[in-house]
Amino acid sequence: MLRTRVIPCLLLKNEGLIKTVKFKQPRYVGDPINAVKIFNEKEVDELIFLDITATIENRRPPIDLITQIASECFMPFCYGGGIRTVEDIAELFKLGVEKVAINTQAVENPSLIKRAAELFGSQSIVVSIDVKKNLFGKNRVFTQGGRKSTNLDPIEFAVQMEQAGAGEIFLNSIDRDGTMQGYDLELIGQVSKSVRIPVIACGGAGKLDDFADAIKKAGASAVSAGSFFVFQGSHRAVLITYPPVNELERRLN
Amino acid sequence: MIAIVDYKMGNVGSIANMLRKIGEQAVVTSDASVIEKAEKLILPGVGSFNTGMVNLDELGLLPVLNRRAIEDKVPVLGICLGMQLLTRGSEEGNLPGLGWIDAETVKFKFNGEQPNLKVPHMGWNSVVIRQRDGIFEDMDGESRFYFVHSYYVRSDQESDVLSTTHYGHDFVSAVRRGNIMGTQFHPEKSHKFGTNVFKNFVKIRC
């Protein structure tokens, strides 16, 4: 039986691992290579690494760090942050990255998604959509690490990206990020219903029940989280964890 | 020395990383003279069937690969697209495959009966071992592997089928005919389960 994927999302800043709340208050939580080694031992399904400042600092992806991550990462992994061209993507795949996540450029240059899907196959092209409610309570797509608002509706944008050739949608709620108060099930449900490609839910997971809700109630294909895998207890002590595989199977399949 | 055949179809880095981890010497190469001397070959691959065959042809690798696989009988491991290329051909394209195993490559079709099943089949799934084989040595109980594919191999020979996996229906997830082996899953991305497959491939003598 195909297992539901449960994917730690790890944020990189200055080549360290950090965790944010609502895309702000970055807190250092450790060394990325050390985290990969722990996640290997725990036999994690998949990993997502996002360099959250590459685009806003106008930087390319940190190739040396990604090379080190790839050489230790014996599970599929996706990288996002600062990807602008198909050449960037080709270079990442050569290092051993399986998938790339594209956020700002998916909005500013949608032809990159189309071209990349033609060259590398849809299965390796993930469009990452950051969503925040505006003053009128409407969901809007944000780019530039959550700094720049667009007028795009996340549902319409997800459908456009599927048509362009995206293989998966990584759907992140800025309002829920780091809160551990549960996913935005309404948003996840709306997007999952509108596209045929897998939707990975992210933003807000604090307990195993939240994963089950995103899958069973909202129709996500996979779940992702940050704080859930790096913090422990009410004081948010840093401890990298991952539930046992049989526990996840019992709750999610 | 193991040659990982680089025909511009992705993920050679992951396989080189995994072999390095288990302490095995491997070289990533598109060079016929290196393939000529290799003791074992790995044919990786992510992407489309036709492009794969075109690239092998344009790199001038088809004669040396055929000679090493068929005449010299060196152990060959095809992974994902690399396994599909071992067959006679694919619904994905019109070019003939390598034709080293009696099999063809066909697309997952679910015709709306199972609307929840998405294509590609992507993620971790169980592999049911159908035949004891060196490639699965020391692997008891349930093994999980990472898959990402829209096409699968349909074998004419029951005796070539090493394992099956269920996605809508059972399909062949590992195959072997003599020195020619293939896995539809990605052992290089499948934790200890994949590490075992590579360790076993290193030990295999044909």
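Conventions adopted
- Residues numbered from 1 in each chain as written.
- Chains lettered and ligands numbered in written order.
- Predicted model: local features only at pLDDT ≥ 70, side-chain atom pairs only at ≥ 80, totals over all residues.
- Helix = DSSP H or I, 4+ residues; strand = E, 2+ residues; numbered from the N terminus.
- Rg over C-alpha atoms; globule rule 2.2 N^0.38 Å.
- Buried ≥ 20, exposed ≤ 12 C-beta atoms within 10 Å, placed from the backbone.
- Contact = placed C-beta atoms within 7 Å.
- Axes fitted to C-alpha atoms, helices over the stretch in contact; angles between N-to-C directions.
- Parallel < 35°, antiparallel > 145°, perpendicular 65-115°, else oblique.
- Left-handed = near helix turned anticlockwise from the far one by under 90°.
- Nonpolar A, V, L, I, M, F, W, Y, C, P; charged D, E, K, R; others polar.
- Pairing = 2+ DSSP bridges.
- Core = buried A, V, L, I, M, F, W, Y, C linked by C-beta atoms within 7 Å.

(A) Summary view of the overall build of chain B. Helix and strand counts for chain B stand at 6 helices and 11 strands. Scaling as 2.2 N^0.38, a compact globule of 206 residues should have a C-alpha radius of gyration of about 17 Å, and chain B matches this with 16 Å. Residue burial in chain B is summarised as follows: out of 206 residues, 50% are buried. In chain B, the proportion of contacts linking residues at least 24 apart, taken out of those at least 6 apart, comes to 70%.

(B) Spatial organisation of the overall build of chain A. From N to C terminus, chain A includes 10 helices and 14 strands. Principal-axis analysis of the C-alpha atoms places the extent of chain A at approximately 40 × 40 × 40 Å. Sorting the 253 residues of chain A into buried and exposed places 52% on the buried side. Once local pairs closer than 6 in sequence are excluded, the contacts in chain A between residues at least 24 apart make up 66%.

(C) Structural context of the packing of helix α3 (residues 86-95) of chain A against helix α5 (residues 111-120) of chain A. All names here are of chain A. Interhelical geometry of α3 versus α5 gives an angle of 40° and a closest axis separation of 10 Å. Regarding the angle of α3 to α5, the classification is oblique. Crossing of α3 against α5: the hand is right-handed. In this structure, α3 contributes V86, I89 and F93 to the contact, and α5 contributes R115, A116, L119 and F120. Its residues assigned to classes, the contact of α3 with α5 comprises 6 nonpolar, no polar and 1 charged.

(D) Looking closely at the interface of chain A and chain B. Facing 22 residues of chain A, the contacting portion of chain B comprises 23 residues. Considering each element in turn, the side of chain A that touches chain B owes the most residues, 3 residues, to α3 of chain A. The residue inventory of the side of chain A that touches chain B, partitioned by class, reads 9 nonpolar, 6 polar and 7 charged.

(E) Looking closely at the environment of K132 of chain A. For K132 of chain A, the location among the structural elements is in strand β7 (residues 125-133). Taking C-alpha positions, K132 of chain A is 25 Å from K99 of chain A, a pair spaced 33 residues apart along the chain.

(F) Here's a closer look at the pairing of strand β11 (residues 180-183) of chain B. Residues and elements named next belong to chain B. Burial of the side chains of β11 extends over both faces: I180 and G182 are buried on one face and M181 and T183 on the other. Of the pairings in the sheet, the one linking strand β10 (residues 169-177) to β11 comprises 4 bridges and is antiparallel in character. Residue pairing across strands places R177 opposite I180, the latter belonging to β11. The turn joining β10 and β11, which pair antiparallel and follow one another in sequence, is formed by 2 residues; a positive phi near 60° is taken by G178.

(G) The arrangement of the nonpolar core in detail. Residue and element names in this part refer to chain A. In terms of nonpolar packing, the biggest core is built from 141 residues, with V100, I169, L171, I200, A201 and V223 touching the most fellow members. The element best represented in this core is strand β1 (residues 5-13), accounting for 6 residues. When sequence neighbours within four positions are dropped, the list of residues in contact with V223 reads V6, I7, I200, A201, A205, F211, A214 and I215.

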